[in-house]
Amino acid sequence: MPNIKPDQKALEVFLKAVDCLFPVPLSHKHDLECFAKKLYEKATVCHISSGGEILSLTAGYTDNVTDNIGYISVVASLPKARGNGYAKKTVEEFIGIARQKGLDAVHLYAVPENIAAVNMYRNIGFEEWRIPEEPRPDDLHLIFRIKENGK
């Protein structure tokens, strides 16, 4: 069964539930209602849900991208859903969609101290990526090169 995008309200409820799980809460960067609307309208959203509740989500952009590279803007799981491999599954699903759309790569930023997430990304095949004038120099910038990884 295809992964149907959750509705905007479900996205907002999930974002509020995981907000403070990030080293810098999402609400410090975004109005969560507006962010949910943006994800609903423009993002590729891969998720695992149960009973209408989003348990884990990867969301980002695979359309109108720069240099044919997709971008993952958020990966999160509810605490009760952690340890089940859901985040890895949704990231891999996102990469699969990017591959189907003919993208060359997918990139994301991670907080270096979030060892579990960084290890997961590296196990999937992401590698460190440095670009000139890095906009987020304190974060770890990672890229998954679709054609090189063949996954």
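Just so you know, these numbers come straight off a predicted model, no measurement behind them. (Residues numbered from 1 in each chain as written. Predicted model: local features only at pLDDT ≥ 70, side-chain atom pairs only at ≥ 80, totals over all residues. Heavy atoms only, no water.)

Caption draft 1: Expanded view of the side chain of E12. Along the polypeptide, E12 turns up in helix α1 (residues 8-18). You can call E12 buried: its relative accessible area is 8%. The residues contacting E12, other than those within four sequence positions of it, are L32, E33 and A36. (Helix = DSSP H or I, 4+ residues; strand = E, 2+ residues; numbered from the N terminus. Buried < 20%, exposed > 50% of the residue type's maximum accessible area, 1.4 Å probe, protein only. Contact = heavy atoms within 4.5 Å.)

Caption draft 2: Structural context of helix α3 (residues 86-100). In a regular helix each residue adds 1.5 Å, so 15 residues correspond to 21 Å; α3 covers 21 Å between its end C-alpha atoms and thus fits that length. Just downstream of α3, G102 is the residue with a positive phi angle, here 80°. (Expected span 1.5 Å × (residues − 1).)

Caption draft 3: Layout of the pattern of salt bridges. Counted under the stated rule, the structure contains 7 salt bridges. Where K16 meets E12, a salt bridge forms, and the shortest distance between an N and an O atom there is 2.9 Å. Here K16 and its partner E12 are both found in helix α1, 4 residues apart, which amounts to about one turn of the helix. For K16, a relative accessible area of 48% corresponds to the partly exposed category. One salt-bridge network, held together by shared partners, links R122, E128 and R130. (Salt bridge = Lys/Arg side-chain N within 4 Å of Asp/Glu carboxyl O.)

Caption draft 4: Geometry of the pairing of strand β1 (residues 44-50). With respect to burial, β1 is a largely interior element, 5 of its 7 residues being buried. The sheet contact formed by β1 and strand β2 (residues 53-66) spans 7 bridges and is antiparallel. From the neighbouring strand, T44 faces β2, where its bridge partner is G60. (Pairing = 2+ DSSP bridges.)

Caption draft 5: Broad picture of the state of the cysteines. All chains considered together, the criterion is met by 0 disulfides. C20 takes part in no disulfide bond, and the closest cysteine sulfur, belonging to C34, lies 18 Å away. Residue C20 is classed as exposed on the basis of its relative accessible area, which comes to 64%. (Disulfide = S-S within 2.5 Å.)

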